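Geometric and topological summary
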Amino acid sequence: MKIAVVTGTRADWGLLSPVAHALNQLPDVDVEVIATNMHLNPKYGNTLDEIRNDGFQIAAQVAMKEEDDSRRATAKAMAQCASGMAEALSALNPDLLLILGDRYEMLAVASVATVLCIPIVHIAGGEISEGAIDDNIRHAITKLSSLHLVATEPYRQRVIAMGEQPDRVVNTGAIGVNNILTLPLMTRQQLADSLGFGVDENTLLVTLHPTTRSERPTAETIDALIEALDQFRDNKVLFTYPNNDADGEVIIDRINRYAAANPQRVNVVPSLGRLRYLSALKYAGAVVGNSSSGIVEVPSMKIPTVNIGIRQRGRIAADSVIHCDTDATSIADAIRFALSEEGKRIARETENPYYQPDTLKRMVDAITSVNPSELLVKRFYDIPHTEI
């Protein structure tokens with residue numbers, strides 16, 4: 001069985017990589033990796049090298065050239081992605097397509113695969129992120145997909161409620177949590193040598209993405225975050241770049257200027273990659289921003305998350321996730337609580353709702369137990385009235 005794995009960002013490859021490895025080790029499975037979007041943009045850290053360093057040849061590269069970070073440019077890039085994917089998938093002719101999440105490029109990928117009659121396996125359906133257009137995209141991909149690997153039982157029930165057959169919706173737990181619990185991490189010194197920047201319990205790991213459904217301008221949110229961080233002059237700050245969503249350049253410009261003005265305590269790394277990111281979580285004091293990782297993976301590292309604004313609103317969250325508004329006072333208050341003894345205690349004692357034992361095995365078993373030809377026909381599942 002040939003399985004095409006499509007990846008568009010550092011984040012989704014970090015999650016897909018162990019699944020791709022486990023599948024590729026099976027004697028009757030051949031994995032082909034297709035890279036697109038941010039992987040092909042050197043500004044975001046040359047993340048094609050991460051795929052190669054993980055032992056994979058890249059079967060195809062599909063360019064998505066964005067003229068700027070406007071919504072119009074994003075929509076045009078999706079069209080370019082669809083055109084390139086039509087060529088790549090037609091040439092590779094896989095039996096299955098494996099994709100993850102809710103990014104706009106994945107909607108283009110899923111649309112092309114549907115037209116080409118390639119069954120889709122989708123990871124991380126059923127989740128909610130009301131503050132981003134990703135929410136609509138995730139649900140659209142669900143309806144284009146035939147096998148669903150979801151992170152919690154409520155998410156499984158939500159996908160079934162969308163008309164998907166229950167036996168094709170599998171609660172595997174979140175693969176990112178599996179990575180945290182199984183990947184050998186760097187020592188503190190190895191991480192410091194790699195970054196040129198030490199990370200300890202007084203370090204805040206910060207990632208802020210544009211909130212694509214927010215009425216508040218992105219510039220105001222990042223300025224408020226920086227104003228809040230200025231209240232913690234004894235704490236170091238490690239920024240990573242946002243995704244290349246609309247208005248992402250605004251964030252990149254602000255954090256680079258902030259780092260230049262505070263070289264002793266602030267560092268910016270476009271992409272940490274899976275190993276450095278998880279290692280930084282091991283040693284940092286708290287995570288700040290609005291990334292899904294702060295909700296899904298970070299609680300398993302037993303440190304607090306400060307979740308800013310509405311981007312992740314609707315996701316199931318552990319008790320260690322501190323939600324706050326986008327003004328400087330609210331952000332500073334949340335950081336202050338995260339760094340307090342009470343905030344640290346809650347993080348140490350919290351249970352992660354995204355954890356399931358044997359997540360990787362569950363995913364591989366679900367993928368390899370299906371007959372791809374049988375997935376081509378989708379029947380709508382009507383929930384019996386007694387279950388409503």
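Refer to the structure above for everything that follows.
The structure reproduced in this document is the subject of the present report. This is a predicted model, so every value here is computed, not measured.

1. What about the pattern of salt bridges?
Summed over the entire model, instances satisfying the criterion amount to 21 salt bridges. E127 is the partner of R315 in a salt bridge, and the nearest nitrogen-oxygen pair spans 2.0 Å. Here the residue R315 occupies a position in the loop between β12 (305-308) and β13 (321-324), and E127 occupies one in the loop between β5 (120-123) and α5 (134-144), the gap between them amounting to 188 residues. A residue is classified by how much of its surface remains accessible, and R315, at 12% relative accessible area, is buried. The class of E127 is buried, set by a relative accessible area of 6%. Across the pair E349 and R345 runs a salt bridge whose closest N-O atoms are separated by 2.7 Å. Here R345 and E349 lie together in helix α14 (residues 341-349), a separation of four residues that amounts to about one turn. A relative accessible area of 53% places E349 in the exposed class. Look at R345 and you get partly exposed, because its relative accessible area is 30%. Salt bridges sharing partners connect three or more residues here, namely D102, E127, D135, R138 and R315.

2. Examining the packing of helix α9 (residues 218-229) against helix α10 (residues 248-261)
Here α9 crosses α10 at 25°, and the two axes come no closer than 9 Å. Here α9 lies roughly parallel to α10, going by the angle between them. Pair α9 / α10 crosses with right-handed handedness. Mapping the contact onto sequence places T218, A219, I222, D223, I226 and L229 in α9 and V250, I251, R254, I255 and Y258 in α10. Residues belonging to the contact of α9 with α10 are distributed by class as follows: eight nonpolar, one polar and two charged.

Reading the values: the criteria
Residues numbered from 1 in each chain as written. Predicted model: local features only at pLDDT ≥ 70, side-chain atom pairs only at ≥ 80, totals over all residues. Heavy atoms only, no water. Salt bridge = Lys/Arg side-chain N within 4 Å of Asp/Glu carboxyl O. Helix = DSSP H or I, 4+ residues; strand = E, 2+ residues; numbered from the N terminus. Buried < 20%, exposed > 50% of the residue type's maximum accessible area, 1.4 Å probe, protein only. Axes fitted to C-alpha atoms, helices over the stretch in contact; angles between N-to-C directions. Parallel < 35°, antiparallel > 145°, perpendicular 65-115°, else oblique. Left-handed = near helix turned anticlockwise from the far one by under 90°. Contact = heavy atoms within 4.5 Å. Nonpolar A, V, L, I, M, F, W, Y, C, P; charged D, E, K, R; others polar.

So yeah, pure geometry; function would need other evidence.
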